[in-house]
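Structural overview for review
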Amino acid sequence: MRVVFINYGLFNSNSGGHVSHFANSLSALGVETVVIGSNDPRTVNDFGPPSFTTIQANIYDDEISPQILDLTSGSDVLLHAWTPRKGVQRFVQSISNRTGCPYIVHLEDHEIMLFESAFRKNLSDIYKLQDDELQNLTPPSLTNPRTISTFLKGSVGVTAIVDRLSELCPSGVPIHLLEPGVDTKVFNCDLSPQQIISRRKNLYIDSGSIVIVYNGNMHSANYKDIFSLYTAVLILRRRGHDVRLIRTGEDYFNDIDVSYQALNGDWVVNLGKLDRSEMIDVLKLADLYVQPGEPGNFNAFRLPSKIPEFLALGKPVILPASNIGLRLADLREAVLLSEGNGEEIANRVEWLLSSPLKAAEIGKAERAFALQNLSWDKNAEKLIHFYKSVIH
């Protein structure tokens, strides 16, 4: 069997990391694996040496290279579209039409919600547009809401990062839950207390400060969640807690409440975009992690890449009672949010600060959960069974 992953973006993006890890695990299980991405294939090394073939391609190019056509021809070849973004649809359908190669589609977000939030339109307004208007409006980074159903229906199966994404699928299409894994050797807080103090000092953070680390970009779909985290930090500081927020990532959404600037004070250490090794080093400086957000709507249909990494690091994690949070026991394996606003986050942080022994127990339980449930290799074995079930 040969599996060809078509990633919508960069080899070294979060989605690219998921593809890379699954491709390595599949290769170790004897599956010939190819990954197509849009940037320099050498960047895949951010996730370790690849044991698969990498090809750089412009998925918006009208021409598909002879190499790709050759790799996707044959009776035992399967395309795995990662995800149903505009360019991936065109690229995958073009290959499938020319070679007869079947395809599977991976879902990692509620694509229609992303479109609505990006353009601040509801679905009824979107569907008032003509087909060509909507296609032209849809940027490369999003999915055309009108074409996604047809694309999924033409697949031989769908993989979904959370169960709720099955709601996007037409009836009759086989669906497989494909949760990510985490490298528990890399995401392991192996620093001594003195090393943590020393590295925090380099960021002008006092040894007695409580440090929260949040790594991630801000965009139109999550800016309210990040706003809530900043609000929580300010509330905690006003209650007398010396809390500092280390933030990595970039802001791709500027049209937010002007009070955001007031929340972004000198207690926030903005490090911007870091390479992966630097980001991992920064994560190890935290006392706790917060994945902000309300349980419903957007967060019910996704599993942020950072959450498995937070869990593996063995520090207490605060996250919505949604997606993977539904599998974690509140106050035993995580600290769950029912509303996700700034005050609730602040209250949950304050509870952890008042219960250091319990906080340590929660951190240990989270790492145990990651070790037991978030294995790339185990999830890849299940993926192979799914592949075989839909193409034979």
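Everything here concerns the structure above.
Note that this is a predicted model, so its numbers are computed, not measured.

Considerations on the overall build of the protein
The helix and strand tally for the protein stands at 15 helices and 13 strands. Its C-alpha radius of gyration of 21 Å places the protein within 12% of the 21 Å reference for a compact globule of 392 residues. Principal-axis analysis of the C-alpha atoms gives the protein an extent of 65 × 50 × 35 Å. Looking at the 392 residues of the protein, the share that counts as buried comes to 55%. Considering only contacts within the protein whose residues lie at least 6 apart along the sequence, 72% involve residues at least 24 apart. As displayed, the protein has an accessible area near 17000 Å², and 48% of this comes from carbon and sulfur atoms. The average position of the 37 basic charges and that of the 45 acidic charges among the side chains of the protein differ by 3 Å.

Things to note about the nonpolar core
Core analysis: the largest hydrophobic core is formed by 64 residues, its most contacted members being Ile6 and Leu311. Among the nonpolar cores identified, the runner-up in size contains 30 residues, and Phe227, Tyr230, Val233 and Val243 belong to it.

A short note on the sheet that holds strand S12 (residues 317-320)
Strands pair in a sheet through their backbones, by hydrogen bonds, and they do so in one of two ways: parallel or antiparallel. The six strands lie next to each other as S10-S9-S8-S11-S12-S13, forming an open sheet whose pairing is parallel. Taken across any chain shown, the strands that pair with only one partner, and hence form the sheet edges, are strand S10 (268-272) and strand S13 (335-337). With strand direction ignored, the average angle separating the axes of adjacent strands in the sheet is 25 degrees. Pairing of strand S9 (residues 243-248) with S10, which is carried by four bridges, proceeds in the parallel orientation. Paired with isoleucine 246 across the two strands is valine 269, which belongs to S10. Here helix H13 (residues 342-354) sits on the sheet and contacts strand S8 (210-215), strand S11 (288-290), S12 and S13; the angle it forms with S13, its principal contact strand, is near 165 degrees.

Notes on the packing of H13 against helix H14 (residues 356-373)
Between H13 and H14, the least distance of the axes is 5 Å, while the angle of their chain directions is 105 degrees. The angle between H13 and H14 places the two elements in the roughly perpendicular class. The residues of H14 that touch H13, namely those facing Trp351, Leu352, Leu353 and Ser354, are Pro356, Lys358, Ala359 and Ile362. Classifying every residue of the contact of H13 with H14 gives six nonpolar, one polar and one charged.

Some words on the side chain of glutamate 366
Mapped onto the elements of the fold, glutamate 366 is located in helix H14. One buried charge, glutamate 366, has no salt-bridge partner; the nearest side chain with opposite charge is lysine 315, at 10 Å. Among the polar contacts made by the side chain of glutamate 366, one reaches the main-chain amide nitrogen of valine 317 at a distance of 3.0 Å.

What about helix H4 (residues 111-119)?
Taken together, the buried positions of H4 are occupied by Glu111, Ile112, Leu114 and Phe115. Taken around the axis of H4, the buried residues stretch over an arc of 160 degrees, which confines them to a single face. Those residues of H4 hidden inside the fold are in contact with helix H5 (123-126), helix H6 (131-137) and helix H7 (148-153).

Topic: the pairing of strand S1 (residues 2-7)
Within S1, six of the six residues are buried, which leaves it mostly tucked inside the rest of the structure. Residues Arg2, Val4 and Ile6 of S1 are buried on one face, and the alternating residues Val3, Phe5 and Asn7, pointing to the opposite face, are buried as well. Where S1 lies against strand S2 (residues 32-37), five bridges are found, and the strand directions are parallel. From the neighbouring strand, isoleucine 6 faces S2, where its bridge partner is isoleucine 36. Viewed along the sheet, the connection from S1 through helix H1 (residues 14-28) into S2 turns out right-handed. Judged from the six bridges that link them, S1 and strand S4 (residues 77-82) form a sheet pairing that is parallel. Within S4, the position partnered with valine 4 by the bridge is leucine 79.

Brief notes about the packing of aromatic side chains
Under the defined criterion, the tally for this structure stands at six aromatic pairs. Relative to tryptophan 82, the ring of phenylalanine 5 has its centre 5.8 Å away and its plane inclined at 65 degrees; by these criteria the two rings are edge-to-face. Here the residue phenylalanine 5 occupies a position in strand S1, and tryptophan 82 occupies one in strand S4, the gap between them amounting to 77 residues. Across this residue pair, the class does not change: phenylalanine 5 and tryptophan 82 are buried. For the pair phenylalanine 22 and tryptophan 376, a centre-to-centre distance of 5.0 Å together with 90 degrees between the ring planes defines the contact as edge-to-face. Here phenylalanine 22, found in helix H1, pairs with tryptophan 376, found in helix H15 (residues 376-391); they are 354 residues apart in sequence, far enough to count as distant. Of the residues examined, tryptophan 376 reaches a relative accessible area of 10% and is grouped as buried. Seen from the ring of tyrosine 8, arginine 85 lies directly overhead, with NZ or CZ sitting 4.1 Å from the centre.

Criteria and thresholds
- Residues numbered from 1 in each chain as written.
- Predicted model: local features only at pLDDT ≥ 70, side-chain atom pairs only at ≥ 80, totals over all residues.
- Heavy atoms only, no water.
- Helix = DSSP H or I, 4+ residues; strand = E, 2+ residues; numbered from the N terminus.
- Rg over C-alpha atoms; globule rule 2.2 N^0.38 Å.
- Buried < 20%, exposed > 50% of the residue type's maximum accessible area, 1.4 Å probe, protein only.
- Contact = heavy atoms within 4.5 Å.
- Areas by Shrake-Rupley, 256 points an atom, 1.4 Å probe, with all protein chains shown as cover.
- Lys, Arg positive; Asp, Glu negative; His and termini not counted.
- Charge placed at Lys NZ, Arg CZ, Asp CG, Glu CD.
- Core = buried A, V, L, I, M, F, W, Y, C linked by side-chain atoms within 4.5 Å.
- Pairing = 2+ DSSP bridges.
- Axes fitted to C-alpha atoms, helices over the stretch in contact; angles between N-to-C directions.
- Parallel < 35°, antiparallel > 145°, perpendicular 65-115°, else oblique.
- Nonpolar A, V, L, I, M, F, W, Y, C, P; charged D, E, K, R; others polar.
- Salt bridge = Lys/Arg side-chain N within 4 Å of Asp/Glu carboxyl O.
- Polar contact = N/O pair within 3.5 Å; in protein donor to acceptor, adjacent residues only side chain to side chain.
- Arc of directions from axis to C-beta.
- Right-handed = clockwise from strand over helix to strand, strands pointing away.
- Phe/Tyr/Trp six-rings, centres within 6.5 Å; stacked < 30°, edge-to-face > 60°.
- Lys NZ or Arg CZ within 6 Å of the ring centre and 35° of its normal.

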